Amino acid sequence: MSQQLLLRFDAFDQTRFDDDAETRAAAGLTLLQLWTAEGATRWALFSVNDAAKARNWLSETGALGHGPAESHFLRTA
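Here's what I pulled together on the structure shown here. (Residues numbered from 1 in each chain as written. Predicted model: local features only at pLDDT ≥ 70, side-chain atom pairs only at ≥ 80, totals over all residues. Heavy atoms only, no water.)

## Things to note about helix 3 (residues 51-64)
The end-to-end C-alpha distance of helix 3 is 20 Å, a good match for the 20 Å that 14 residues give at a rise of 1.5 Å each. Within the span of helix 3, buried status applies to Ala 54, Trp 57, Leu 58 and Thr 61. Looking down the long axis of helix 3, one finds its buried residues gathered within 100° of arc, a one-sided arrangement. Along helix 3, the residues that are exposed and aim more than 90 degrees away from the buried face are Ala 52 and Ala 63. Contacts from the buried residues of helix 3 go to strand 1 (3-9), helix 2 (21-26), strand 2 (29-36), strand 3 (42-48) and strand 4 (70-75). A distance of 3.2 Å separates the backbone nitrogen of Ala 52 from a side-chain oxygen at the start of helix 3, and that oxygen is part of Asp 50. Just beyond helix 3, the residue with positive phi is Gly 65, at close to 90°. (Helix = DSSP H or I, 4+ residues; strand = E, 2+ residues; numbered from the N terminus. Expected span 1.5 Å × (residues − 1). Buried < 20%, exposed > 50% of the residue type's maximum accessible area, 1.4 Å probe, protein only. Arc of directions from axis to C-beta. Contact = heavy atoms within 4.5 Å. Polar contact = N/O pair within 3.5 Å; in protein donor to acceptor, adjacent residues only side chain to side chain.)

Right, here's the structure in full:
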């Protein structure tokens, strides 16, 4: 079964998001989709290759103040 990570960003900075691509890749995350919702809200779906590294990345970006507003680990049924 594959695992995904769904993130909601209420304040989205495309440059910061793009600059973080290498760090996300090192955390075992691969961007699958990026959606635009109302206002500045963005949703991002990633495949997860290493859940522990992905959780650590979430914790670190949250501590830096530019992490997602919401996160959900999902499994394909």
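The rest of the description comes next.
## Some thoughts on the sheet that holds strand 4
If you walk across this open sheet you meet the 4 strands as 2-3-1-4, and the pairing is antiparallel. In the strand order of this sheet, the two ends are held by strand 2 and strand 4, each with one partner. Each strand axis lies, on average, 20° off the axis of its neighbour in the sheet, ignoring direction. With 6 bridges joining them, strand 1 and strand 4 adopt antiparallel strand pairing. Its bridge partner lying in strand 4, Leu 7 is registered against Ser 71. Taken strand by strand, helix 3 contacts strand 1, strand 2, strand 3 and strand 4, and its axis lies near 170° from that of strand 4. (Pairing = 2+ DSSP bridges. Axes fitted to C-alpha atoms, helices over the stretch in contact; angles between N-to-C directions.)

## A closer look at the pattern of salt bridges
For the structure on display, the rule yields 3 salt bridges. Here Arg 8 ties to Asp 10 by a salt bridge, and the two come within 2.7 Å at their closest N and O atoms. Here Arg 24 ties to Asp 20 by a salt bridge, and the two come within 3.9 Å at their closest N and O atoms. Judged by its relative accessible area of 15%, Asp 20 falls in the buried class. A cluster of three or more residues bridged by salt bridges with shared partners is formed by Arg 8, Asp 10 and Glu 70. (Salt bridge = Lys/Arg side-chain N within 4 Å of Asp/Glu carboxyl O.)

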